[in-house]
Structure formats: C-alpha cells, structure tokens
Amino acid sequence: MFGWLRHRSADANRADGDTLVSMAPGQSGIVLDVRGGHRAVERLGALGIRPGKRVTKVSAMALGGPVTVEVDRSHVAMGRHMADRVLVQVSGR
Amino acid sequence: MRILLMGNPNVGKSVVFSRLTGVRVISSNYPGTTVGYSEGRMKVVDEVAQVIDVPGTYTLDPTCEAEEVALHMLQMGDVVINVVDATSLERNLFLTLQLLEKDIPVVVALNLWDDTKHCGITIDVERLRTELGGVPVVPTVAVSGQGIKELVEAIACARGGQHPARSRDERWAAVGRITDAVQTITHRHHTWSERLSDATVKPASGAVIALGVLAASLWVIRLIGESLISYVLDPLYQAFWLPLVERLSISLGGQGVLHALLVGRLVDGAVHPVESFGLLTSGVYVPFAMVLPYIVGFYLVLGLLEDIGYLPRLAVLLDSGMHRLGLHGYAIIPTLLGLGCNVPAVMATRILESRRERFIAATLVAVAIPCASLQAVIIGLVGDFGLEYVVLVYATLLCVWLVLGIILHRVTGGFSPELLIEIPRYRLPVVKAVLSKLWGRVRGFLMEALPIFFVSVLAVNLLYAAGAFGVLARTAAPIMTKLLGLPAESVVAIVVGFLRKDVALGLLAPLSLTAQQFVVASVMLAMTFPCVATFAVLVKELGWRDTAKSTATMLASALVVGAILNAVL
C-alpha cells in the first residue's frame, strides 16, 4: 500500500546502490558505508551498524516511519532518513 | 573506595546495582531511566565501599548527554564493574576495551548468563579472561542473584587490562577477533518470543497488537481499581471508619468550626464520603478509596509493560505519527507515565534529546494528559451519567493532544532529532521486581500526594469560612456562566484543582451539574493549571520562561475548548 514511498527513495539512491530503506523486509545484506555526522556514525556503530556487518531488514513502518533491522541477533530501529544513509550490498533473502 | 557500575543500556545494570547494595532502584527495559544516577553502599572484605550506578553508555566517546555524564564519572572511580550482556558480547566488548585502555582496575560481569543457553551461545569464560588481559570475568544472573557473591569476591582481584589506546576501527577489529575466539553460536530456529518481537514492529500486525495491549491494559486497570474499591476499601470505610466519624460528628454537636474542618458539611443530615469535604471524610475517602485503587492498577500494568519490554516497540510503531507533533516515538513513554501522574511524566521528558521536544512533550502532558487522580474524578462523577460522557471527555482530550501538538510543532523553533533505539528482547517479568517497583511508585504517591491533599482540604475549608470563594465566584462569573455555561461556584473547584485535582471532586459534587456541565468542568479541570507539584517540576525541567509559555498555552487552549464544548453540547 505504501510501496510508492519505498520506490521513490530507492530511485533517489539508485546511483549509490541500496540502502536500508530500499531493501525489502526479509532481505539481508552487508553494510558498505554509513554516512552522516560523527555522532550518528558512532552511535549506529555502537548498535552494530557499521561497515562489514551483516544486517537483515525486519520491517519499515508505514508513512515514512522507522526502519527496524536485525544485527547480531538484536533489533535496532531508526528513523527513515538515518536508514537511508546506511549503504548496503544486498545479498538476497 | 568508589565502585562504578558501567555498561551498555539494557544489560541489567540497575538489577546488579540493587543486588550489590540492597537499595531498591527502578530498573526497566527502556534506556533513559537511569540518566542521573543512583548510589549506594556495599561491603567489600572489611571496607564499606560506595557504589555508583553510572548511566548506560555504548562508548566513552560521548554521543549524548548520558554518555558525557558517564565519562565524567569514570574519572572519580577507583574500580569499574563492567556489566556486559553475555548474549550480545560483540557490541558490549567495545566499551570493555575502551575501559581497559584507561588506567583503572576492571571486573567484568557477564550478565544475562542464563539467556545465552536459550540463544544457542557458548562463551569460553577462561579464554575471554586471557584475551582481555587477565581481568576477572564472572558470569552472573542478576535477577536471580546467581554469581553476585563471586562478583563481590572478584572486586579485590580487579586489575587494569593494560590495553594500548586504539582508534575506533582498530578497536572494532579487536572486538571482532576476541568475539570469534571465545564465542560459538549454534544455529537454531526463531523462538516464539522472536516471532512475537518481529510481529510487534511490523505495521499491520503491530497496530493490531498495540490495540490489543491497550484494551487489555484498560480492562486490567479497571478490574483492579473497581475490585479494590467495591470489595476492599469502600467496605472497610463503611464498616470501620464511618462509625467513628459519625460518633465524632455527634459529639461535636453537628456544627461549629472544628466540625466543619474535620467532618465537614452534613448532606441531608448524614456524613457523606465525598461531598462533606472534611479532613476525616473526603480527606480520607477520596485519596484512599477512590484514587489509590486506580494508582495501584495503573502502575502495576505500566511496570509489567516496561519489564516485558513492550514500550520501545510501541515507540517504533507510533514514531511517524508522533513526528507530526514534533516528537519522536519515544515521547510516548512520558505520555503514558502522565496517565498515572504528571510529575514523573514531566521528569521523564528528559529522555528526549532536544529542548524543543522536551517543551512540546511536557506542555502536551500538562494540558491534555489526565493523571490517575483526575481520571478518578472523571469516572466517579461523569460516569454516573453514562459511559458515553466519559468517552466524550477522553475523546476531547485526545483531540486537544493531537491538535495542540500539531500547532506547537508548527510554531516552536528548533529541530527534533530522529529515532534511534535498540529494541530489547522480550523478557518474562520477575514478580519480585515488578512488585517492588509498584510499591516504590505507590509509596511515592502516598508520601508526596497525601500531604498536599490534606493541606488543600484544610485550606479550602478555611478560605470557605473566610468568604473568599464568594468573591472569587462573583469575579469569574462572566467567564464561567457566559463562556462555559457553568455555575459561577465551579470556578472554586477549578482553582482548587491547582492544588490537587482530586480535591476538586468534593467541590464539584454538591453543585448538581448536568451531564453536559460535568463534561465541560472535567475538561476544564484537566486542561487548566496542572497541580502544584507538576507546576514545580515544569519550572525545574523547562525553566521559568518556557513554563510561562506553557502556562499561557494551557489557559488559552482550555478557554477555547471549553467554549466550543459549551456551544456544541
């Protein structure tokens, strides 16, 4: 129902490859890069989202809500803009 | 000796703390409750040591206020007990290595040790000890007390790991190497709690579950509240307390100043538990037999939801909606707390990062979130006319919360940061921990609310005797009658509501208002000044200027909404 949201942001980032936003729920991938300020990178890294880590997308809330991912068997939820700055090499379901 | 308890948020640090010191502290699943800190004392060998529960931190390169506090406290400690979540070793060891790079003795507590089995994780404790440079490593299960004795014994053997200073990337590489060396993970299927966990953060199933949780919570709170009232507290009052008061009333001759203060007015020649408004009648019946039962029910349910770990999921679910109000999903926690008492709710707005968010959240709580005392008034008075009127009051307040939030979001400067939270695993609540937290909160209500309650009842009776209320009613009459359609005397209840909302109950009761008037009066009571205790924490948390803005907002919105309700009904 809200697929158009996902597609639109996926298009915006196509040149860079996938992000946590453009991944589909259930897909996994390896984090390639985390873009953003020092605090955001440090904090995401502390929660397990840093280059080289394998992440699995659990869900994305409707209406531009947060994205939940599984990393190291724990769950992390982050706002949509932050999720869109985590670049991922998608490796299938 | 000063011992610091340090670790990531949600690793059971506060439980370890209360095990070590025997001091009861509130420990819950959501990060943020321990900003600020607790301290206690414990015995190490023959020495009494000071123990400090440092706010949860992921890193010593601070990324938020709590981590700055943690870093600052590190400089004051002699020994660090690093509490580690054994089921999330990799993430936790980052902080451990940072601590070992500092020149301070460390003991590592591998907490949640029992959960490693359920998760299919095996950790070679001896190997971990060697890898960390020989610091003691003790597996613990803080909730059951397992390993705590060994942990205390290990404090004497605490030592620095003499690790070289590393860059962030080097440290993560070292963490990865150590984790691979000491931990084996056997693959296993998702447990029911993980499936449930996924379902609560998916849009459709999450919404259904949230509605179910809400409905179940309301049902349980009402069940507990009403059962306590009709089977325990009201019978106790009728059987034991009332006869004493009646005897007192007769021996005082049924009139006079002392009678007015202690027993109050007689209604149709009899002592009335609510309307008499004496210290020994309404002053006892209202707080104990009307408000306390709902306080108990509310805090029991809230404590369970906290300890199960549901609240962070609710925050994720509501995040995009809350952004329309200039808040992120985490602001739902102060909001929920506000349904119990606005005082801890306003204090809990500290978990929000920006000043703007704290202002919006605190103002919305003070204006549109009715506390348990106020809800007891609403249910007790408006409920007599039928459920639809109670629903009307709640629906109005919900609309106010939404509309005011949208307006504040538009007009308040500054920005609101995005949500970023760890969602802890579901845990079965520990009965003892839930009950001790409940007792702490109920005791808080009794200690803080009751004195103000008694003083308010006393003050109202004295002012009434002095004729001050007649003047007040005449002055406010145009607003009350023309704008709000209420009798002039009800201004007294609304003003007294500034002291305590539940006191106002006894003042509204004898006015024989219609259902519509009760709806307007309830909404006005909810939206105008918060009680004096809430006002005090508002000033403390927001400062005078923002409190003044907040107060202006509530007065303006209360009059507008009251006038609209009066016109529509």
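Please read all numbers here as calculations on a predicted model, not as lab measurements.

Caption draft 1: The arrangement of the overall build of chain B in detail. Counting its secondary structure elements, chain B contains 23 helices and 11 strands. Put simply, 73% of the contacts in chain B that link residues at least 6 apart link residues at least 24 apart. When the accessible surface of chain B is split by element, carbon and sulfur atoms take 65% of a total near 24000 Å². Charged side chains of chain B number 43 positive and 44 negative; the gap between the two group centres comes to 2 Å.

Caption draft 2: Broad picture of the packing of aromatic side chains. Residue and element names in this part refer to chain B. Evaluation of the coordinates by the stated rule reveals five aromatic pairs over all chains. An angle of 80° between the planes, with centres 6.2 Å apart, marks the rings of F453 and F454 as edge-to-face. Residue placement shows R313 over the ring face of Y426; its charged tip is 3.8 Å from the ring centre. Taking the ring centre of F359 as reference, the NZ or CZ of K549 above it sits at 5.5 Å.

Caption draft 3: Just the interface of chain B and chain A, in detail. Between chain B and chain A, the contact holds 36 residues from the first and 34 residues from the second. Ranking the residues of chain B by area buried against chain A places T63(B), E418(B) and L420(B) at the top, with a combined share of 22%. For the pair chain B and chain A, the number of links is five salt bridges. For R50(A), the salt bridge goes to E90(B), with nearest N and O atoms at 3.0 Å. Where the side of chain B that touches chain A is concerned, the elements lending two or more residues are α2 (65-74), α3 (89-101), α7 (168-182), α8 (192-200), α12 (311-323) and β11 (420-423) of chain B. When strand β5 (residues 74-78) of chain A meets β11(B), the two strands line up antiparallel, connected through four bridges. Residue pairing in the sheet places M78(A) in a bridge with L420(B) of β11(B).

Caption draft 4: How the structure looks around helix α1 (residues 13-21) of chain B. All names here are of chain B. In terms of residue burial, α1 counts as a mostly covered element, since seven of its nine residues are buried. All buried positions along α1 are accounted for by K13, S14, V15, V16, F17, L20 and T21. Where α1 is buried, its residues meet β1 (2-7), β2 (38-44), β3 (47-53), β4 (79-85), β5 (106-111) and α6 (148-155).

Caption draft 5: Region of interest: the environment of D546(B). Residues and elements named next belong to chain B. Looking at where D546 falls in the secondary structure, it is placed in helix α23 (residues 532-568). Sequence-wise, D546 and F359 are 187 residues apart; in three dimensions their C-alpha atoms are separated by 7.1 Å. Not counting chain neighbours up to four residues away, the residues in contact with D546 comprise R355 and F359.

Caption draft 6: The arrangement of the packing of helix α16 (residues 372-381) of chain B against helix α17 (residues 387-411) of chain B in detail. All names here are of chain B. Two numbers describe how α16 lies on α17: the axes approach to 9 Å, and their chain directions differ by 145°. Regarding α16 and α17, the two cross each other, and that crossing is right-handed. Only V390, V393 and Y394 of α17 make contact with α16, whose side of the interface consists of Q375, I378 and I379.

Caption draft 7: Highlighting the sheet that holds β4(B). All names here are of chain B. Strand order in the open sheet formed by six strands is β2-β3-β1-β4-β5-β7, with mixed pairing between adjacent strands. Unpaired on one side and paired on the other, β2 and β7 (137-139) mark the two borders of the sheet. Adjacent strand axes in the sheet meet at a mean angle of 25° when their direction is disregarded. Of the strand pairs in this sheet, β4 and β5 are connected by six bridges, and their pairing is parallel.

Caption draft 8: Fine view of the pairing of strand β2 (residues 28-34) of chain A. Residues and elements named next belong to chain A. With three bridges joining them, β2 and strand β3 (residues 54-60) adopt antiparallel strand pairing. What sits directly across from I30, in β3, is R54. Sheet topology note: the β2/strand β6 (residues 86-90) ladder contains five bridges and is antiparallel. The partner of V31 across the bridge, within β6, is V88.

Caption draft 9: The arrangement of the confidence of the model for chain A in detail. Averaged over chain A, the pLDDT score is 82; the fraction of residues at 70 or greater is 81%. Note that pLDDT drops below 50 for residues 1-15 of chain A; the model gives that stretch 12 contacts with residues more than four away or on any other chain.

How each quantity is defined
- Residues numbered from 1 in each chain as written.
- Chains lettered and ligands numbered in written order.
- Predicted model: local features only at pLDDT ≥ 70, side-chain atom pairs only at ≥ 80, totals over all residues.
- Heavy atoms only, no water.
- Helix = DSSP H or I, 4+ residues; strand = E, 2+ residues; numbered from the N terminus.
- Contact = heavy atoms within 4.5 Å.
- Areas by Shrake-Rupley, 256 points an atom, 1.4 Å probe, with all protein chains shown as cover.
- Lys, Arg positive; Asp, Glu negative; His and termini not counted.
- Charge placed at Lys NZ, Arg CZ, Asp CG, Glu CD.
- Phe/Tyr/Trp six-rings, centres within 6.5 Å; stacked < 30°, edge-to-face > 60°.
- Lys NZ or Arg CZ within 6 Å of the ring centre and 35° of its normal.
- Buried area = accessible area lost by both parts, 1.4 Å probe.
- Salt bridge = Lys/Arg side-chain N within 4 Å of Asp/Glu carboxyl O.
- Pairing = 2+ DSSP bridges.
- Buried < 20%, exposed > 50% of the residue type's maximum accessible area, 1.4 Å probe, protein only.
- Axes fitted to C-alpha atoms, helices over the stretch in contact; angles between N-to-C directions.
- Left-handed = near helix turned anticlockwise from the far one by under 90°.
- pLDDT = per-residue confidence, 0-100.

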